[in-house]
Structures are given as structure tokens and as C-alpha cells.
Amino acid sequence: MQKVLIQSLVIFLLSFQITNAQQPQKSNSVEIYNQILKLNFLGSVLYIAAHPDDENTRLISYFSNETKARTSYLSLTRGDGGQNLIGPQLRELLGVIRTQELIEARKIDGGEQFFTRANDFGFSKNPGETLEIWDKEKVLADIIWTIRKFQPDVIINRFDHRTAGNTHGHHSASAILSVESFDKANNPAIFPEQLKWVKPWQTKRQFFNPSWWFYGSQAKFDAADKSNFISMQTGVYYASTGKSNQEIAALSRSCHQSQGFGSTGSRGEETEYLELINGELPKDKANVFHGIDTTWNRVKGGKPIGELISKIVAEFDFVNPSASIPDLAKAYSMIQSLDENHWKQIKSEEIKKTIAACAGLYLEAVAQNQEATPESLLKLKIEAINRSPIEMKLINVTTLPEQKNTPQNIVLKNNLLHKINFDLELPSTMEYTQAYWLKNKGTEGIYTVADQKNIGIPDIIREVKVVFNVLINGVEIPFERNVIYKYNDDVKGEVYNYLDVVPEVTTSILDKVSLFTTAKKKYIAVKIKAGKDGVKGDLQLELPKSWIVLPKSIPFNLDIKGLEQTVYFEVTPPNSPEEAVAKSIAFVDGKRFDKEQIIIDFDHITKQQVLKSSESKFIRLDLQTNNERIAYIMGAGDDVPNSLMQMGYKVTLLNPEEITPEKLDNFDVVMTGVRAYNTVQALANKQNILFDFVKGGKTMLVQYNTPNDLVTENLAPFPLKISRDRVTEENAEVRFLAPNNAVLNAPNPITAKDFQGWKQEQGLYYPNEYDKAFTPILSSNDKGETPKNGALLIAPYGKGHYIYTGLSFFRELPEGVSGAYKLLANMLSVKSTVTIPAEKGKL
Ligand SMILES: [Zn+2]
């Protein structure tokens, strides 16, 4: 347990530099000095909210860099339910990206990161619904677990627990649960099973971090009673690094690339307010820690350590930081003899990083490949160098997880590079590298984490490590390093990744949905990838008996690790509509391999391997289309064109810069991707051409956009105003406002059944003001709300039709929701169908 706990408590020390996500931190003198100042501050702040991006990075940066407190952000979710501005990844894959973005943000603002098991299941209008879907007791348990583990002196809520309904239900729920946790964390009768690993903990104070927008306006906020408030001047300028606190906060916030939250820093005075919720108001109304001992005196036997660190601070030499090493090594040794465990672990990790930084001590273990399978032998290249006059000796090296210790006894002389070749054998029981929260199937509201000790840990838990035991000034200090893989990229330079443990073979059914609109057979492509050299076996595609798969199995033989091969199965669907899950399974030496490897690789985060069950959805559906030729203009990114092709359409991706009347002549429908009018500037100048296309008898189909940042006000040929209306309850009853409209009748008759099985939501950002030329087709609403009628609007224009829809086709089509295919096919066909008599349109 200790090992895991230490991992979770690793401090991301103050760092103002931005490097490649993965590269080791290389601190300069000012950064080292700040690390030493931090060694002498023993106070903690825990900031609590619901999502990646909810956190106030100005406040986190202020506590971490100005106060020098341990500062952590507990985001209850990993942001799985949002939209993705940088790629097609959604749901748990988006959660993986946002997890990493938060980790990178904390590297910049100096905070730490925690999560609960709660799943961001999408927008929720009230905390009641949120807590029901999440499983309130489990999320409460995780918050209390985090409090007991992190032991904050102060908790700050981003949201107000008293104003449920004014914001996202997850937001209010985060505040409600945080308030409930305040006393419960200290009650040993609450979640007593946790006490095997952690102690009850009483936080001293709890605040709400208001902002003027909680009050509706700056004027209202200025006028509010602030007798229960404290305030801090957070517009600090850090002269030693040349940045303002807001500039650091903006760099941190800009890590949220998948949300498009690039942020520009500001300078000058700024005030942050905190409203007391629990505990006593501090007498010093500018200091959350007032009256709390944040010195080494709070630890039994800690006083001399504090005195020694004060001496190190006073004597610090910015030209020669290594002069501090003897005293730092002594302080490390004193910390080891403490009885208390909490601060001992935290400060041991901090001081080790500081010593390594003072010495320019560089320790690295590099694998030959980025991927390795269990039972394989890693040929590691180890680099060890001390770049200080302080005498050091590499006593031994221990490899994990096998715990093999090899004596070295190498004297590390100043700036003398040592390279050692080293073998590391991965055990056969070695687990694959993957996000621990995705290993077992969860529910809509919560992830399943089998091991209590893992709960809260932000990142993938990596087990392949090398521990360097170094003797520094007579003190033996272990330095733990993950095994990495690095290479030189001609454009980017040195690229760093961690070693991933992978299955011997992974497979992937290339189409995640296969749509059979007739009983005709289709060829299904499955990709096989070797995780090691010489993988030989058989591949099967498992489907229910009503689906005929030929051949029964396909042999494969991949000589070289990393090699890929694509094979094809012939699948004949049943005669009548049916849905099934297909699984691709590889058999090697009698062992069954059922995983698909998904690699998420962006420059701003550490490369991620996600292993999912290798499967896809097969649908036999009676779907009528009129084979329209579709031009698709990609917006923020979605997978709709692939779905359209599955439906049998010919789809051309159209570069908006190249839109001309002649070019459009080749198409029947122009369809815009999600948020195209938020992200594609070129569209602003092409609207007249597109409207003329409609006028001439064609169809334009626009998917949802957000009301802010539209590239043009001229969205449709008639006035149309987008609102924030949405229907988040995917099962909300759908009423037909225009039952006779062609779009509900031809070529596919649409019934209420076609709105069953939708995922996460029905739609978002519906227009709420529109010209009378538009016919609203559908109406629905979340519980307790007024009807929302803007989900699907159709207006004839000239000889053609303009359609605006906020329905979430971008989510439903890739999930294989039959009703969504049928409705979309009708929308695409709207010009060739006519309104039919009333009797026929009735439900
Ligand atoms: Zn949020």
C-alpha cells in the first residue's frame, strides 16, 4: 500500500517552464529556491468542483506559488461527457484526454490532481438527478477518502451548495457533497472500511469561492454582504520568474485544449473572495491558514527540520545551488527518522526532487521499444550522471515490479556520464498498461475501481520502474524513475513516452457500427496487431447464430512486433431487423486475446494507451434512402460522414474555402458538421452561395452550433436564434408537432419507438426564436421543464429546404441508434418527398 500511496502523493513542484508533456523536469536556481521554500510550509488546500476546467487556476497558482501550500484540485469527474474540439474521441476516451490535460495544468500551476470514480454522464440540470445517476454514497465515499488521504487544512468549493438549479447539476452536487464531507470525514463510523489505510480527518475551514457571475452582475456582487468573506490579493507578480500569477494561471488553463480553453494572462491587482461555509472565520481576513500551524512544529520532532530548512533558505546560493546539498541530505535523513507518516512521505518526495535538481542529477532508464509484452526481456539503457562537485555513489539499482536488486558501487564524479546496460524481465503476471478506472465495466454514473487504494489517483499506474539508490554525503537516497522510451523526431526533437505493457496481440473491427440495410452480405475488416515478434494464431468474429460469418476462423502469422494485418470476414445478416454486438477474438497458443488497442497521441499530453474490448455493433435495419449525394463540411470534428457512408450514401468532404456554385452542382445536400459555424471562419463568406444552392432546389442541413462565437449572424436564409435550450434526458418523451411533415413519414415512417435507445442526451443548443418560415417538427423536454420545440426546424426556401437541428446525431449515429439513422435519412430526402395526408401521419 505504501508504494501506491506515495505515487498518489507525488508533488508536482513549482515549475514555470513548459516542456514536452513527458520530459523530465529540469529546474533552474529560482525554481529550486522556490522548492526549498515550499519544503518549509506544511499546510494544505483542497479545491473541489465537478469537471476539468471548473477549477480556478488563479487561486490554485496563488496558493501553490505565493503561499507555498500543498494545493490540490479534486475534480469529481474526468470530463467524459463533454464535446471534443481536437479530435473524434468521446466519452471515456475524452475522459482520458481531459485527465491528462489536468495533469499538465497542475505541472504549470504547481497543484496536485485527484478524481473520484464519478462519470461525467453528460449535462444534468439538477443535483438530484446527478446524485441518483452517480450513486451518491460512492462519490461521497471518494471525497471523504480524498480528504482523509490529502488531509487538507482548508477546503474550497467552486460552486454554491445553496443554489441548486442555477448551474450544471454536477456543479451543485460537487458543492453539496463537499459540504456533507466536512464533518463526516472526521467520523470514524462513516466509511469505516477506509480506516485500514487512512485516518479520520477534520478540516479546519471550508469556503465557497464566489465570483461576480454567481450574483448575476458585478454591481450586485459589489453590493453583496461580505461580512463572512475573506479576500486575497491574487494579482501577485513573481519577479524572480518574470510572470504574474494570472499569467501562470492562463498557461495552466490553456492546457485544456480539448475544450478550446486557450487563455490569455493578465497583469495587475486582482482580488479573490472566499465565503466561509464551515469552521471559524480567520482573524486575518487575507489568510486562509490564520491560526493553523503550517510550520514543521505541527509534526512531532519536526522543529529542528524546520530550522535546518530555514538555514538552507538563508544560505542558498543562486550561482551554486549544489552548495545546499549537504544540508538537504541531512534534512532528508532527519525526515526519515520521524514517527509521523503523512508529512514524512510528502516531504521525502519533495526533498528528493530538490536534491536531484541541486545536483543536476540525471537518472534515466530507456527501453528499446515503446511497447513490451508480459514475460518479455527489456534491454534497458541506463544513464546516470551527477553534475555537481558533491561526492555521490550509485550503490545499487532495483528494477520493479520484479524487485531485482543489482549492486553497482559506481562513484558518480562531477559531470562524468555513466551508461549501463541492464536487463529487466517482465513477469508473466504483469498487467497491461491502462487507465485503472477503465479496466472493469462501470455504470452510466460511476466507474468501477476494484482496489480502494487506487481511488483518487489521477493517472495510469505504471509499474515498470527503476530505483536508483544513491549515497549522497553519507545518506542513502532512493530515486524512482519510470522506464521510458524516447526517440528523435526531425520536427519536434526529442520525444518522450513511457513504456507501455501491451497484449501479445490486439485486434480491431475497423467499423464501430456496421449497418445492413438489406439482407445482402458485407465484408467486415478486422485489423490484427502483433505486440511481440512471431505471433501466430487464429482470428474469429463472434456474432449470434442468426448472423452467418465466413470463414469461421482466419489464421494469421505476424513475424515482427508492431506489424499489422487486415483480414476480412463475410457476414450475412438476418432477414429481419436485429441488433448484435460482434467481438473479434484472437487465439494464440490456446490463449484468448479480446482487446483492442487505442492510442491517443497529442503533443500537449502524454501518449495514452487505452485497451477496450474489441467489439462493434452490427445492425440489420430496414432503412430506405434516396441515395442523395452529400457534401459534408467538417466543423469541430465528428464521425457523422462515416455513419452516412454506412447508410449507403456517397459522401464528399468539402473544403469550405473551395465552395463555388459549380462545385455544389454535384450534390443534393450540403450538411455541416457539429459547431461548423463556431469553428470554420471561411463559412461566413460562403453563406450566399449555400443559400442559392437551397433556393435552386437542394437541401442544406445544419447540425448544432453554440450561440457564442458564431462566425456569422447570417446562419439561415431566415432569422434564427440559437439558445442554450437542451434536452439532456435521452428518454424524454418526444411529441410530434408536425406529424404530417414528410420528415416524419418518408421514406421511413418515424414513430415514438425511434427515439428509444438514444445515448446521453437528445440534443443541445436548440434555437428558441425563429422565423415563421420554419416548421418546428418535434417537441420534448426534461422533467419539470417547459417544452422545447427547436430540436428540428425545417423551412422551404425557393425550391429547396433549409434544415436546422440540435439533435445529437454526432453521438447517436456512431453508437448505432437505429431511430437516428431513419430520421436522418428522411431529413436528407426532404426535397423528394411531399407532405402526406393527415390520417397517415398519425402515431
Ligand atoms: Zn463544469
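Everything discussed here concerns the structure shown above.
Residues numbered from 1 in each chain as written. Predicted model: local features only at pLDDT ≥ 70, side-chain atom pairs only at ≥ 80, totals over all residues. Heavy atoms only, no water.

## So, the environment of Glu730
One can find Glu730 in the loop between strand S37 (720-727) and strand S38 (735-736). Glu730 sits 52 residues away from Asp782 along the chain, and the two C-alpha atoms are 8.8 Å apart. For Glu730, the residues in contact, after removing those within four places along its chain, are Glu444, Phe755, Trp758, Lys759, Gln760, Glu761 and Gln762. (Helix = DSSP H or I, 4+ residues; strand = E, 2+ residues; numbered from the N terminus. Contact = heavy atoms within 4.5 Å.)

## Some details on the sheet that holds strand S2 (residues 70-75)
What links the strands of a sheet is backbone hydrogen bonding, and the strands pair in either a parallel or an antiparallel sense. Reading across from one edge, S3-S2-S1-S4-S5-S9-S6 is the order of the seven strands in this open sheet, with mixed pairing throughout. Both outer strands of the open sheet, strand S3 (112-115) and strand S6 (229-233), are each paired with one neighbouring strand and no more. Going across the sheet, the axis of each strand differs from the next one's by a mean of 30 degrees, ignoring polarity. Of the pairings in the sheet, the one linking strand S5 (residues 205-208) to strand S9 (residues 271-278) comprises three bridges and is antiparallel in character. Directly across from Gln206, in S9, lies its bridge partner Asn278. Against the sheet, helix H6 (residues 136-150) contacts strand S1 (44-49), S2, S3 and strand S4 (154-157), and its axis sits at roughly 165 degrees relative to S1. (Pairing = 2+ DSSP bridges. Axes fitted to C-alpha atoms, helices over the stretch in contact; angles between N-to-C directions.)

## Quick notes on the coordination of the zinc ion
Reference geometry at the metal: tetrahedral coordination by four donors gives ideal angles of 109.5 degrees; octahedral coordination by six donors gives 90 or 180 degrees. Listed as protein donors to the zinc ion are His51 (ND1), Asp54 (OD) and His171 (NE2); their distances from the metal cover 2.1 to 2.2 Å. Each donor residue of the zinc ion belongs to the same chain, and together they define the spacing H-x2-D-x116-H. Taken as a pair, His51 and Asp54 share a single burial class, namely buried. (Donors = N, O, S within 2.8 Å, 3.2 Å for Na, K, Ca; no water. Buried < 20%, exposed > 50% of the residue type's maximum accessible area, 1.4 Å probe, protein only.)

## Comments concerning the pattern of salt bridges
In the structure shown here, the tally under the stated rule is 49 salt bridges. Here Lys453 makes a salt bridge to Asp451, at a shortest N to O gap of 3.2 Å. For Lys453, a relative accessible area of 19% corresponds to the buried category. The shortest N-O distance in the salt bridge between Asp668 and Arg629 comes to 3.1 Å. Within this pair, whereas Asp668 is found in the loop between helix H14 (661-664) and strand S35 (669-672), its partner Arg629 is found in strand S33 (residues 629-633), the two being separated by 39 residues in sequence. Take Arg629: its relative accessible area is 36%, and that puts it in the partly exposed class. (Salt bridge = Lys/Arg side-chain N within 4 Å of Asp/Glu carboxyl O.)

## As for the environment of Asp639
Residue position: Asp639 is located in the loop between S33 and helix H13 (640-646). Assessed through its relative accessible area of 36%, Asp639 is described here as partly exposed. One polar contact links Asp639 to Asn642, side chain to side chain, over a distance of 2.9 Å. (Polar contact = N/O pair within 3.5 Å; in protein donor to acceptor, adjacent residues only side chain to side chain.)

## Digging into the packing of H6 against helix H7 (residues 169-184)
At a minimum axis separation of 9 Å, H6 and H7 run at an interaxial angle of 55 degrees. Here H6 lies oblique to H7, going by the angle between them. Like other packed secondary-structure pairs, H6 and H7 cross with a definite hand, here right-handed. Side by side, H6 and H7 meet where Lys136, Val139, Leu140, Ile143, Ile144, Ile147 and Arg148 of the first sit next to Leu177, Ser178, Glu180, Ser181 and Lys184 of the second. In the contact of H6 with H7, the residues fall into six nonpolar, two polar and four charged. (Parallel < 35°, antiparallel > 145°, perpendicular 65-115°, else oblique. Left-handed = near helix turned anticlockwise from the far one by under 90°. Nonpolar A, V, L, I, M, F, W, Y, C, P; charged D, E, K, R; others polar.)

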